[in-house]
Amino acid sequence: MVEYKKLIECLRSDELYLYELFCRLSYWMALRVSDVRSLRWEEILMADQCNVKEGKTKKERIIPIKPEIREKILEMYRLLGSPDTHRLIFLNDDTGRAF
């Protein structure tokens, strides 16, 4: 946990908000890389829960989003310039695909 907090602090101080969000979502939601990469803003922004179909297992999971996590997601959304809610969170603008 100490290493995680250190990582988050470093990413924040370097203004690497997208990487910070990736780490936070992976940790909070216990998702694999491929599952985090497929998330869209509309699925997590201001939501009480997130429905995820895991890429590897094909299982569907309902992940609750606590109010304090929802607030942090909203903060990260604003720091990233409030992108279109329909787009992938981790979209590579050059390729049009997820990172």
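Here's a quick rundown of the structure. Source: prediction; values computed, not measured.

1. With respect to the pairing of strand E1 (residues 49-53)
Then step 1. Every second residue of E1 is oriented toward a common face, the buried set being Cys50 and Val52 and the non-buried set Gln49, Asn51 and Lys53.
Then step 2. Of the pairings in the sheet, the one linking E1 to strand E2 (residues 60-64) comprises five bridges and is antiparallel in character. Within E2, the position partnered with glutamine 49 by the bridge is proline 64.
Then step 3. Counting the residues that bridge the hairpin from E1 to E2 gives six residues, and of these lysine 58 lies at a positive phi of roughly 65°.

2. A closer look at the packing of helix H2 (residues 17-29) against helix H5 (residues 67-79)
Then step 1. Across the interface, H2 lies against H5 with an axial gap of 10 Å and an inter-helix angle of 160°. Accordingly, the angle class assigned to the pair H2 and H5 is roughly antiparallel. As H2 packs across H5, the resulting crossing turns out to be left-handed. Across the interface between the two elements, Tyr17, Glu20, Leu21, Arg24, Leu25 and Trp28 from H2 touch Ile69, Lys72, Ile73, Met76 and Leu79 from H5.
Then step 2. Among the residues making up the contact of H2 with H5, the classes are represented as eight nonpolar, no polar and three charged.

3. Section: the environment of alanine 98
Then step 1. Note on placement: alanine 98 falls in strand E4 (residues 97-98).
Then step 2. Alanine 98 sits in the partly exposed class, given a relative accessible area of 22%.
Then step 3. The contacts of alanine 98, once residues within four sequence positions are left out, are Arg37, Leu88, Phe90, Leu91 and Asn92.

4. Re the packing of aromatic side chains
Then step 1. Scanning the entire structure with this criterion turns up three aromatic pairs.
Then step 2. Here the aromatic rings of phenylalanine 22 and phenylalanine 90 are separated by 5.2 Å at their centres, their planes lie at 80°, and the arrangement is edge-to-face. Of this pair, phenylalanine 22 sits in helix H2 while phenylalanine 90 sits in the loop between H5 and strand E3 (91-92), and the two are 68 residues apart along the sequence.
Then step 3. Taken together, a centroid distance of 4.9 Å and an interplanar angle of 70° make the contact between tryptophan 41 and tyrosine 77 edge-to-face. Of the two residues, tryptophan 41 is situated in helix H4 (residues 41-44) and tyrosine 77 in helix H5; the sequence distance between them amounts to 36 residues. For the pair formed by tryptophan 41 and tyrosine 77, the shared burial category is buried.

5. Quick notes on the pattern of salt bridges
Then step 1. Counted by the stated rule, this structure contains eight salt bridges.
Then step 2. Here glutamate 54 makes a salt bridge to arginine 61, at a shortest N to O gap of 2.8 Å.
Then step 3. Each of Arg12, Glu20, Arg24, Lys72 and Glu75 takes part in salt bridges that share partners, so that together they form one network.

6. Considerations on the nonpolar core
Then step 1. Of all hydrophobic cores here, the largest spans 22 residues; its most connected members are Leu25, Met29 and Ile44.
Then step 2. Sorting the residues of this core by element identifies H2, H4, E1 and H5 as the ones contributing at least two each.
Then step 3. The biggest single contributor to this core is H5, with five residues.
Then step 4. Every residue in contact with isoleucine 44, bar those within four places of it in the chain, is listed here: Leu25, Met29, Cys50, Ile65, Ile73 and Ile89.

The rules behind these values
- Residues numbered from 1 in each chain as written.
- Predicted model: local features only at pLDDT ≥ 70, side-chain atom pairs only at ≥ 80, totals over all residues.
- Heavy atoms only, no water.
- Buried < 20%, exposed > 50% of the residue type's maximum accessible area, 1.4 Å probe, protein only.
- Helix = DSSP H or I, 4+ residues; strand = E, 2+ residues; numbered from the N terminus.
- Pairing = 2+ DSSP bridges.
- Axes fitted to C-alpha atoms, helices over the stretch in contact; angles between N-to-C directions.
- Parallel < 35°, antiparallel > 145°, perpendicular 65-115°, else oblique.
- Left-handed = near helix turned anticlockwise from the far one by under 90°.
- Contact = heavy atoms within 4.5 Å.
- Nonpolar A, V, L, I, M, F, W, Y, C, P; charged D, E, K, R; others polar.
- Phe/Tyr/Trp six-rings, centres within 6.5 Å; stacked < 30°, edge-to-face > 60°.
- Salt bridge = Lys/Arg side-chain N within 4 Å of Asp/Glu carboxyl O.
- Core = buried A, V, L, I, M, F, W, Y, C linked by side-chain atoms within 4.5 Å.

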